[in-house]
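Here's the letter readout for the chains.
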Amino acid sequence: MSKEWMNEGAGEVKRHVKTIASVAFLVVALGLLVAAVVKQWSDFTRAVGLIDAQTLLLALFAAVVAQFTSVMASRESLAATSHRIPVAQVARAFLTAALGKYVPGAVWPVAAQMELMKRNGVPRTHSAVAAVLTMTIGLGAAVVAGVLGVFLSGGSIAKYWWLVPIAAMCFAALWPGLLTWVLRLVARVGWRFRAFGEVSVGGRPLLGATAWSLLGAVSNGFQTWVIVRAISTSGTANFWLALGAAQLAFAVGFVIIIAPGGIGPREAVLVALLGPIAGTSGALAVAIISRLAQIAIDCLGALVALLLSRRHRHDDVAFQRGETFTEADGRRSP
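How each quantity is defined
Residues numbered from 1 in each chain as written. Predicted model: local features only at pLDDT ≥ 70, side-chain atom pairs only at ≥ 80, totals over all residues. Heavy atoms only, no water. Helix = DSSP H or I, 4+ residues; strand = E, 2+ residues; numbered from the N terminus. Buried < 20%, exposed > 50% of the residue type's maximum accessible area, 1.4 Å probe, protein only. Areas by Shrake-Rupley, 256 points an atom, 1.4 Å probe, with all protein chains shown as cover. Axes fitted to C-alpha atoms, helices over the stretch in contact; angles between N-to-C directions. Parallel < 35°, antiparallel > 145°, perpendicular 65-115°, else oblique. Left-handed = near helix turned anticlockwise from the far one by under 90°. Contact = heavy atoms within 4.5 Å. pLDDT = per-residue confidence, 0-100. Salt bridge = Lys/Arg side-chain N within 4 Å of Asp/Glu carboxyl O. Expected span 1.5 Å × (residues − 1). Core = buried A, V, L, I, M, F, W, Y, C linked by side-chain atoms within 4.5 Å. Phe/Tyr/Trp six-rings, centres within 6.5 Å; stacked < 30°, edge-to-face > 60°. Lys NZ or Arg CZ within 6 Å of the ring centre and 35° of its normal. Polar contact = N/O pair within 3.5 Å; in protein donor to acceptor, adjacent residues only side chain to side chain.

Asker: Please provide a residue-by-residue account of the overall build of the chain, values included.
Answerer: Of regular secondary structure, the chain possesses 12 helices and 2 strands. Reading the chain from its N end, one meets helices and strands in the order α-α-α-α-α-α-α-α-α-α-α-α-β-β. Within the chain, buried positions represent 46% of all 334 residues. As displayed, the chain has an accessible area near 17,000 Å², and 69% of this comes from carbon and sulfur atoms.

Asker: Which residues make up the packing of helix α6 (residues 124-152) against helix α9 (residues 204-231), and what values go with them?
Answerer: Contact geometry for α6 and α9: axes closest at 9 Å, N-to-C directions at 50°. Put simply, α6 runs oblique to α9. For the element pair α6 and α9, the recorded crossing hand is right-handed. Across the interface between the two elements, Leu133, Ile137, Gly138, Ala141 and Ala145 from α6 touch Leu206, Ala209, Thr210, Ser213, Leu214 and Ala217 from α9.

Asker: Go over the confidence of the model for the chain with me, naming the residues and quoting the values.
Answerer: Averaged over all residues, the pLDDT of the chain equals 77, while 74% of them reach at least 70. Least confident of the elements in the chain is strand β2 (residues 332-333), whose mean pLDDT is 42; most confident is α9, at 92. The low-confidence segment residues 1-9 (pLDDT under 50) makes 1 contact with residues lying over four places distant or belonging to another chain. Confidence over residues 317-334 falls short of pLDDT 50; this stretch has 34 contacts with residues more than four positions distant or in other chains.

Asker: Hey, could you go over the pattern of salt bridges for me, with residue numbers and the actual values?
Answerer: Scanning the entire structure with this criterion turns up 4 salt bridges. Of the charged contacts, one joins Arg124 and Glu115 as a salt bridge, the two residues approaching to 2.6 Å between their closest N and O atoms. On the accessibility criterion, Arg124 (36% relative accessible area) is partly exposed. The network of salt bridges with shared partners includes Arg266, Glu267 and Arg291.

Asker: Before we move on, could you go through α6 and cite the residues and values that matter?
Answerer: Side chains three or four residues apart in an α-helix point the same way, a direct result of the helix having 3.6 residues per turn. Under the 1.5 Å per step criterion, the end-to-end length of α6 is 42 Å for 29 residues, consistent within 8% with the ideal 42 Å. By the criterion of burial, α6 is predominantly enclosed, with 21 of the 29 residues buried. Downstream of α6 by one or two residues, Gly154 has phi in the positive range, about 90°.

Asker: Help me get a handle on the nonpolar core, residues and values and all.
Answerer: Formed by 34 residues in total, the largest nonpolar core has its most connected members in Val143, Tyr160, Leu163, Leu248, Val269 and Leu274. Within the residue set of this core, elements represented by two or more residues are α6, α7 (163-172), α9, α10 (239-255) and α11 (265-311). Setting aside chain neighbours within four positions, we find Val143 in contact with Leu163, Val164, Ala167 and Ala251.

Asker: Explain the side chain of Gln67 to me, and be specific about the residues and the numbers.
Answerer: By the element assignment, Gln67 lies in helix α3 (residues 53-80). Classification of Gln67 as buried rests on a relative accessible area of 10%. Setting aside residues no more than four positions away along its own chain, Gln67 makes contact with Phe94, Leu95, Gln294, Ile297 and Asp298.

Asker: I'd love a proper account of unusual backbone geometry, names of residues and values included.
Answerer: Positive phi, close to 75°, is recorded for Ser82, a residue that is not glycine. As for its placement among the helices and strands, Ser82 is situated in the loop between α3 and α4 (87-97).

Asker: Tell me about the packing of aromatic side chains, and please be specific about residues and values.
Answerer: Following the criterion strictly, the structure yields 5 aromatic pairs and no others. Between Phe239 and Trp240 the ring centres are 5.6 Å apart and the planes differ by 70°, which places this aromatic pair in the edge-to-face class. According to the relative accessible area criterion, Trp240 is partly exposed, its value standing at 37%. Three or more aromatic residues link up through ring pairs in this structure, and these residues are Phe222, Trp225, Phe239 and Trp240. Cation over ring: Arg229 sits above Trp225, and NZ or CZ is 4.8 Å from the ring centre.

Asker: Describe the side chain of Arg291, with residues and values.
Answerer: Along the chain, Arg291 turns up in helix α11. Within the local environment of Arg291, its side chain forms a polar contact with the side chain of Glu267, the two groups lying 2.8 Å apart.

Right, here's the structure in full:
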């Protein structure tokens, strides 16, 4: 009994340390970002001034499309665990949980999605597996799109070679046999993880999740390209470089889990890769505007989730009466 108490206490301390480290990292990253903007204030404001309303609308539209593809990828990952849920219900959970990525601690998006999907009859273990699958496939798609984009633009990916084996491991997750083996292995860690051994994963929906993730990567690349095109010092913008920069930036920000929402590393990679065509101040403007657009869409998504929650409140009542979703078409059955 005392041993279990000590283990739980140690785990609690580790969580607090990680949270403090994330907060400290966020403060430092934001401080460096503000310092960079202040240092190049005149060039930065000039670059921002080149962005017109049409560019902003296109950037926001691309962000909306990317958010929708994330919802659909999450839905396909849930389907891979034998839970075919209606789009509106998945969106309600995913869009609400998406705000968790800005909270220090890294686990909040998964934890929130587990609790929200439980209302739709999805066990927490299945939701956790689906959430991890969505993130894993999304990371793999980002690395593939990023490396391909930089390569086609004639740029060098030497600094980001370490992402390639990560992408290979991500796409290895598409093999159901390996997934099942990993889940069985996790189930042996302790009694709290035994339920993971009962989760079975199908292959076809994972291909759908991959397709949606790749479409999201292209959409994010398009958003970056639209902004770069407006402020490029050369008057032109290479779509492939914008795609590669956006996705490698996302991948690096994702891998550095201590950075909430990838804030800091993502902007640093964007500035490094886009500097040659947009200038340092211009690339900084692209990074900040892209980040603000993402935050705006995340907040809008949370608002949409709230509206969906009110609209479908009767679905939760129906679930409490014993109705569930059928795997075939997502309709309720007694």
